[in-house]
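An overview of the molecular structure
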Amino acid sequence: MGGKSSKAKNGGTDEPKKKGEEKEERKEEKARPDPSNFYAKNLQHATVCKAPGSLAGQQFVIRDCEDCDIFVCDNSSCVTVDGCVDCRIFFGAIDGSCFVRTSKNCKFVVACQQWRTRQCSDCDILLSSDTQPTIESSSNLRFGCYQAYYPELLAQFTAANLNVFHNEWSNMFDFTAAERNWTFLPAEVTVSSLLKPFPEEIKADLSRSVVPLTWGDRPNPPSEQRFFLVVNKDTPSVVALLDELVKSKLSIITIKIRQFSKGQATHLKQDVGDALTAQVEKDIAKHPTLGVVVASEQADIGEVLLALLQHSGDNGAVQRCWAVGGAPSLVEQLFSKQQDFGEW
C-alpha cells in the first residue's frame, strides 16, 4: 500500500541537501552575471553607460537601437553591432573583433584587435585597430584616428592586449573595392565632434588621449618631416611626451614599435649616428623602441622638435634621440619586421 518514493536528481536519492551545499548553490547563483548587463537591444533615444569594471572582459552586443548614446567604458572580449541607426557608440578596448553590420548614420569611437564592417553606410569612425581594418558591401564610411582618455583606459588597453602605439586605423582593406567606399575624416574631427559628452561617472578628459593622434595614410601630409626614437621604459611617460608634441601643433605621421636585440641595437646606432648615445643603445636592447615621424609646415621643425624634447626632460622613464631627413623611409627600413637582419 505504501507509495514508492520519488528519486531526487542529486545522486538518485531523496535525501535533503545539506546546509553547506545549499549555501554554496546560493553563492553560485548570486555570483552568476546578469545576461542583460552585456547587451543593448531594441532601444530608442536612450543613454547606456557601462562603467570601468562592469564587463570584466566579457563580450557585448548592440542590436536594433535608434538614436542612442552608448558608452562602453570597459574592456570586452568581442563586440557585435547590428541594425543600428543614428546612434553614437564608444568602446574603450576590445580584445577581439568589433563586427558592425547593417547599420547606418552612426558615429563610432572604437579600439579593438580587428575592425570589421559589412553592409553599413554613412558612418563616421575614430578607430584604433591592432590589425588591418576591413569593410565589405558598405558605402560612405569615414575614418580617423581614435582619441580618448579616462583614468582606467590605459589599463584596459593592457587587459585587452592592445598596444597604444600600434594603430592600423588608416590601412583599410575593402573587399568590394570596385568603388571608393570609404575616405578620411577631416583631421580636425575629434571625439567631441562625434559623441555627446561622456556621463559624469566617467572621468573623461578629451584634451588628452592614451592613443597618439597620427596622420596615417591621409594625403598631403606637412612637407617638413623629422624622425626620432623613443625607448619605452614607461608607457604613461611616452604617451605624455607624444601628447605634448600634438598639442604643440606638430603632426605625428607614423609610429612604429619594435623590440631590438643587442646586436640590432648596435646596428641601429650605425644607421642613426652619434645621436644614439651608449646609454640609449643599451636601453634599446632592453625595452621596446618607437620610431616616430613628426611633420610640420614650419621650416625650423628640427629646432622646434629638439626644444620640445629637451623641455620635456628625462626622468629616467624615457630615453630618446633624433635624426634629420628621410624620415618615413628611415622608419620603414629600421622597423620593418620583414627586413633581413643577417647576422644581427
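Report on the accompanying structure.

About the cut-offs
Residues numbered from 1 in each chain as written. Predicted model: local features only at pLDDT ≥ 70, side-chain atom pairs only at ≥ 80, totals over all residues. Heavy atoms only, no water. Phe/Tyr/Trp six-rings, centres within 6.5 Å; stacked < 30°, edge-to-face > 60°. Helix = DSSP H or I, 4+ residues; strand = E, 2+ residues; numbered from the N terminus. Buried < 20%, exposed > 50% of the residue type's maximum accessible area, 1.4 Å probe, protein only. Lys NZ or Arg CZ within 6 Å of the ring centre and 35° of its normal.

To continue, consider the packing of aromatic side chains. Applying the stated rule across the entire model yields twelve aromatic pairs. Between Phe60 and Phe91, the aromatic rings sit 6.2 Å apart at their centres with planes inclined by 70°, giving edge-to-face as the arrangement. Highlighted residues: Phe60 in strand 3 (residues 60-63) and Phe91 in strand 6 (residues 88-101), separated in sequence by 31 residues. The exposure class of Phe60 is buried, given its relative accessible area of 1%. Taken together, a centroid distance of 5.2 Å and an interplanar angle of 80° make the contact between Trp182 and Phe184 edge-to-face. Grouped by ring-pair contacts, the aromatic residues Phe71, Phe90, Tyr146, Tyr150, Phe157 and Phe198 constitute a single cluster. Against the face of Trp182 rests Arg180, its NZ or CZ located 4.2 Å from the ring centre. The residue whose ring lies beneath Arg208 is Tyr149, and the NZ or CZ to ring-centre distance is 3.8 Å.

Next up on the list: the environment of Asp283. On the secondary structure map, Asp283 appears in helix 6 (residues 278-286). Separated by 52 residues in sequence, Asp283 and Val231 place their C-alpha atoms 6.8 Å apart.

With that out of the way, let us pick up the environment of Ser121. Counting through the fold element by element, Ser121 comes out in strand 8 (residues 121-129). Looking at Ser121, the relative accessible area reads 18%, which means it is buried. Remark: the alpha-carbon pair of Ser121 and Trp182, spanning 61 residues in sequence, is separated by 9.6 Å.

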